[in-house]
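Take a look at the letters that make up each chain.
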Number of protein chains: 2
Amino acid sequence: MVLYLIGLGLFNEQDITLRGLEAVRRCSRVYLEAYTSILLCGKEKLEALYGKDVIIADREMVESRAEEILDGADAQDVAFCVVGDPFGATTHTDLQLRARERGIPVRVVHNASVMNAVGACGLSLYRFGEAVSIVFFTDTWRPDSFYDKILANRRLGLHTLCLLDIKVKEPDLAALARGRVVYEPPRYMTINTAIQQLLEVEERRKEGAFSNSSLGVGIARLQADDQQIVAGTLEQLLEVDFGAPLHCLVLAGDLHVTEREMLEFYMMGTTDGCGCGNASGTQQES
Amino acid sequence: MVLYLIGLGLFNEQDITLRGLEAVRRCSRVYLEAYTSILLCGKEKLEALYGKDVIIADREMVESRAEEILDGADAQDVAFCVVGDPFGATTHTDLQLRARERGIPVRVVHNASVMNAVGACGLSLYRFGEAVSIVFFTDTWRPDSFYDKILANRRLGLHTLCLLDIKVKEPDLAALARGRVVYEPPRYMTINTAIQQLLEVEERRKEGAFSNSSLGVGIARLQADDQQIVAGTLEQLLEVDFGAPLHCLVLAGDLHVTEREMLEFYMMGTTDGCGCGNASGTQQES
């Protein structure tokens with residue numbers, strides 16, 4: 001009857017909304033999109049809460065077998081669950097367009113995503129320019145299209161949210177060449193790797209979008225008990241161990257007075273110590 | 001022990017997360033911030049769900065009596081609930097800084113806000129520039145600082161989210177001059193008023209940030225059963241009745257192919273009719 005696109009929020013099974021939980025419990029099939037982001041809990045936790053099986057939808061299924069997801073959705077409700085908000089980073093446009101072509105109504109249950117929760121670092125959401133994605137560099141592929149966007153934001157005094165690459169269930173190309181499908185272990189880009197890549201590109205482009213003394217904010221595991229927010233120069237942040245995924249990075253633009261006040265709490269080397277934002281300040285609900 | 005900042009999401013009491021509900025039920029006092037946004041349900045619904053009284057925190061209380069909100073938060077948990085995400089539009093910086101000064105830990109429960117849920121209109125969140133606020137013009141105060149921001153976004157081909165003014169519990173200045181505190185009825189800016197004001201400013205500035213033939217998307221009551229999304233020229237949108245609040249408006253920048261495909265569904269004058277996005281397409285969960 002309906003394809004539900006349900007946002008699961010940022011951290012674990014507790015971040016679904018009451019509206020989302022009611023919808024998912026009504027559905028006959030429940031998919032979990034698990035390649036553009038991850039929840040920091042196993043799918044067993046979701047299954048226990050929902051009272052039904054959860055089918056992991058990898059990239060191959062969503063991109064090549066969308067019809068399979070939609071099959072029967074004209075007779076029974078189907079839920080397609082997405083970490084964050086359904087429109088957070090990837091809009092799953094293709095799935096929606098196919099549903100519409102088949103006359104299947106699409107309903108959306110919104111939730112927090114990094115695109116709005118990044119406000120937790122103290123910088124105003126109003127003052128973010130275009131967000132960028134930073135992908136893992138390889139020996140032969142070192143794309144730097146993010147550089148022009150960061151530069152444009154910088155010239156307007158705006159902050160830039162950098163979303164960091166996730167590689168889940170990527171086929172091992174060497175094995176594929178030998179006719180075998182083997183998946184590489186999942187990889188999540190760290191803040192440190194992102195900064196290394198950024199500085200490498202600045203070194204090449206030399207247009208001054210940022211430097212190793214630019215102010216950045218590293219954010220790890222938003223909404224988790226051990227969420228970590230650290231502000232400092234890119235050089236300083238390079239040395240910080242941010243721990244488990246997911247990570248993201250903000251390049252600060254011009255700071256308003258209140259932004260500076262909020263950010264000071266997370267600044268490295270300030271008098272209140274750890275700079276991790278966990279000791280005495282904004283913590284996340286556990 | 002803890003000051004919780006809890007996002008309530010977009011529409012009604014069902015939009016709180018399980019994490020947020022658990023936290024609010026644990027608190028001895030629960031405040032609802034009710035002047036930068038509103039839920040489309042009465043506070044009685046919240047009280048029934050939470051099992052406790054909800055204290056409405058108006059602007060005067062939050063700005064002048066923040067200490068009262070924090071009193072006792074060192075001994076018992078206090079919840080400060082915010083429509084959308086706690087960092088959605090207003091960061092309530094002052095309340096957080098005061099809590100920290102008093103050594104009260106602050107914990108955040110994130111939720112959807114218009115800043116990310118606006119992706120529902122089909123435009124990519126990646127491609128939004130700086131958001132702007134449009135306030136009600138008066139006879140003597142017609143601020144147009146949003147114009148430069150829209151122009152800057154436009155030159156980069158980026159979309160602009162326009163957040164529209166809300167006037168809740170504003171003192172009647174004429175009565176105040178006679179020594180009486182009387183509040184004006186609440187006012188919520190419509191998409192139509194916003195467009196009139198935008199076009200008035202373009203008429204004055206004439207720098208081509210937009211015109212009455214520019215493409216816009218009007219969004220009313222995100223996440224509500226009767227959510228309405230209509231795309232069209234500003235001139236067309238001026239004639240649309242978007243109904244009850246809350247409204248917001250997106251000024252479209254350059255469109256990518258997939259954005260155009262998604263937007264077509266909401267376009268006025270398309271063959272599938274109403275253009276309201278409610279008849280057969282992306283609906284909201286009720």
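Residues numbered from 1 in each chain as written. Chains lettered and ligands numbered in written order. Predicted model: local features only at pLDDT ≥ 70, side-chain atom pairs only at ≥ 80, totals over all residues. Heavy atoms only, no water.

Student: In this structure, what is going on with the overall build of chain A? I would like to understand it.
Tutor: When its secondary structure is counted, chain A shows eleven helices and 13 strands. Whereas a compact globule of 286 residues would reach a radius of gyration of roughly 19 Å, chain A reaches 20 Å, a difference of no more than 12%. Counting over 286 residues, chain A shows a buried share of 59%. A separation threshold of at least 6 residues defines the contact pool for chain A, and within that pool the share at least 24 residues apart is 72%. Total accessible area on chain A is roughly 11,300 Å²; 51% of this is exposed by carbon and sulfur atoms. (Helix = DSSP H or I, 4+ residues; strand = E, 2+ residues; numbered from the N terminus. Rg over C-alpha atoms; globule rule 2.2 N^0.38 Å. Buried < 20%, exposed > 50% of the residue type's maximum accessible area, 1.4 Å probe, protein only. Contact = heavy atoms within 4.5 Å. Areas by Shrake-Rupley, 256 points an atom, 1.4 Å probe, with all protein chains shown as cover.)

Student: Help me understand the interface of chain A and chain B in this model?
Tutor: Where interface size is given, it is often the accessible area lost as the parts come together that is meant. Taken together, the contact between chain A and chain B spans 64 residues of the former and 64 residues of the latter. Around 5,500 Å² of area is buried between chain A and chain B when both sides are counted, 54% of it from carbon and sulfur atoms. The salt bridge partner of R19 of chain B is D15 of chain A, with a shortest N-O separation of 2.6 Å. Where chain A packs against chain B, one counts 23 residue pairs in polar contact (both at pLDDT 80 or more). Mapped by element, the contributors of at least two residues to the side of chain A that touches chain B are α1 (18–26), α5 (93–101), β5 (106–109), α6 (114–117), α11 (257–264) and β13 (282–284) of chain A. (Buried area = accessible area lost by both parts, 1.4 Å probe. Salt bridge = Lys/Arg side-chain N within 4 Å of Asp/Glu carboxyl O. Polar contact = N/O pair within 3.5 Å; in protein donor to acceptor, adjacent residues only side chain to side chain.)

Student: Quick question: what am I supposed to make of the sheet that holds strand β7 (residues 160–164) of chain A here?
Tutor: In a beta sheet, neighbouring strands are held together by backbone hydrogen bonds and run either parallel or antiparallel to one another. Residue and element names in this part refer to chain A. Strands sit in the order β6-β7-β12-β10-β11 across an open sheet of five strands; the sheet is mixed. Looking at strand neighbours, the two that pair on one side only are β6 (132–134) and β11 (228–233), the edges of this open sheet. Neighbour-to-neighbour, the strand axes of this sheet turn through a mean angle of 25°, independent of strand direction. With six bridges connecting them, strand β10 (residues 215–220) and β11 associate as antiparallel partners. The partner of I219 across the bridge, within β11, is I229. Packing against the sheet, helix α9 (residues 191–205) makes contact with β6, β7, β10 and β12 (247–251), and its axis sits at approximately 40° to β12. (Pairing = 2+ DSSP bridges. Axes fitted to C-alpha atoms, helices over the stretch in contact; angles between N-to-C directions.)

Student: Explanation requested: unusual backbone geometry in the structure shown.
Tutor: With the exception of glycine, most residues fall at negative phi, and the peptide bonds are largely trans. Residue and element names in this part refer to chain A. Following P245, the chain continues to L246 via a peptide bond in cis, the omega torsion being -5°. Its location among the elements puts L246 in the loop between α10 (234–237) and β12. In the Ramachandran plot, Q223 falls in the positive-phi region, its phi being about 80° despite a non-glycine side chain. As for its placement among the helices and strands, Q223 is situated in the loop between β10 and β11.

Student: Just to check I follow, could you spell out helix α7 (residues 146–155) of chain B for this structure?
Tutor: Since the α-helix advances by 3.6 residues per turn, residues separated by three or four positions end up pointing in the same direction. Residue and element names in this part refer to chain B. Turning to α7, its buried residues number three or more, namely F146, Y147, I150, L151, A152 and N153. Close packing links the buried residues of α7 with β6 (132–134), β7 (160–164), α9 (191–205) and β12 (247–251). Note on α7: the residue one or two positions beyond its end, G157, has a positive phi of about 75°.

Student: Help me out: how do you make sense of the relation of the copies chain A and chain B in this one?
Tutor: Superposition of the two copies of the chain requires a rotation about an axis together with a shift along that axis. With an RMSD of 0.0 Å, chain A superimposes on chain B once it is rotated by 180° and translated 0.0 Å along the axis. Overall, the copies show the geometry of a two-fold rotation axis. Both copies share a contact surface, since 100% of the interface residues of chain A are interface residues in chain B too. (Least-squares fit on C-alpha atoms with pLDDT ≥ 70 in both.)

Student: What is the right way to look at the domain arrangement of chain A in this model?
Tutor: Residues and elements named next belong to chain A. Each domain of chain A was delimited in the assignment, giving domain 1 (3–112) and domain 2 (115–265). Averaged C-alpha coordinates put domain 1 and domain 2 at centres separated by 26 Å. Contacts between domain 1 and domain 2 engage 13 residues on the former and 15 residues on the latter. Each partner contributes to the roughly 1,100 Å² buried at the junction of domain 1 and domain 2, and carbon and sulfur atoms together form 66% of this total. (Domains from an automatic or database assignment.)

Student: Help me out: how do you make sense of the pattern of salt bridges in this one?
Tutor: Pairs can form between side chains of opposite charge once their charged atoms are near each other. Residue and element names in this part refer to chain B. Within the structure shown, the criterion is met by 43 salt bridges over all chains. Across the salt bridge formed by R127 and E259, the nearest N and O atoms sit 2.8 Å from each other. A residue pair is termed long-range when its members are at least 10 positions apart, and R127 in the loop between α6 (114–117) and β6 and E259 in helix α11 (residues 257–264) qualify at 132 residues. Of the residues examined, R127 reaches a relative accessible area of 9% and is grouped as buried.

Student: Explain the UniProt feature "binding site: S-adenosyl-L-methionine" (unreviewed entry) in chain A here, please?
Tutor: The UniProt entry lists L10, D85, G88, S113, V114, L164, L222 and H247 of chain A under the feature "binding site: S-adenosyl-L-methionine" (unreviewed entry), expressed in the numbering used here. Along the polypeptide, G88 of chain A turns up in the loop between β4 (78–82) and α5. Among the residues examined, G88 of chain A registers a relative accessible area of 5% and is labelled buried. Dropping the residues within four chain positions of it, G88 of chain A is found in contact with S113 and M115 of chain A together with L125 of chain B. (UniProt positions renumbered as here; feature names shortened; annotations may be inferred.)

Student: Mind showing me how you'd approach the packing of α11 of chain A against helix α5 (residues 93–101) of chain B here?
Tutor: Packed helices, taken two at a time, are described by their axes: the angle between them and the distance between them. Contact pair α11 of chain A / α5 of chain B: the axes reach a minimum separation of 11 Å and the direction vectors enclose 35°. Handedness of the α11 of chain A/α5 of chain B crossing: left-handed. On α5 of chain B, the residues that touch T258, E261 and M262 of chain A of α11 of chain A are T93, Q96, L97 and R100 of chain B. Grouping the amino acids of the contact of α11 of chain A with α5 of chain B by side-chain chemistry returns two nonpolar, three polar and two charged. (Left-handed = near helix turned anticlockwise from the far one by under 90°. Nonpolar A, V, L, I, M, F, W, Y, C, P; charged D, E, K, R; others polar.)

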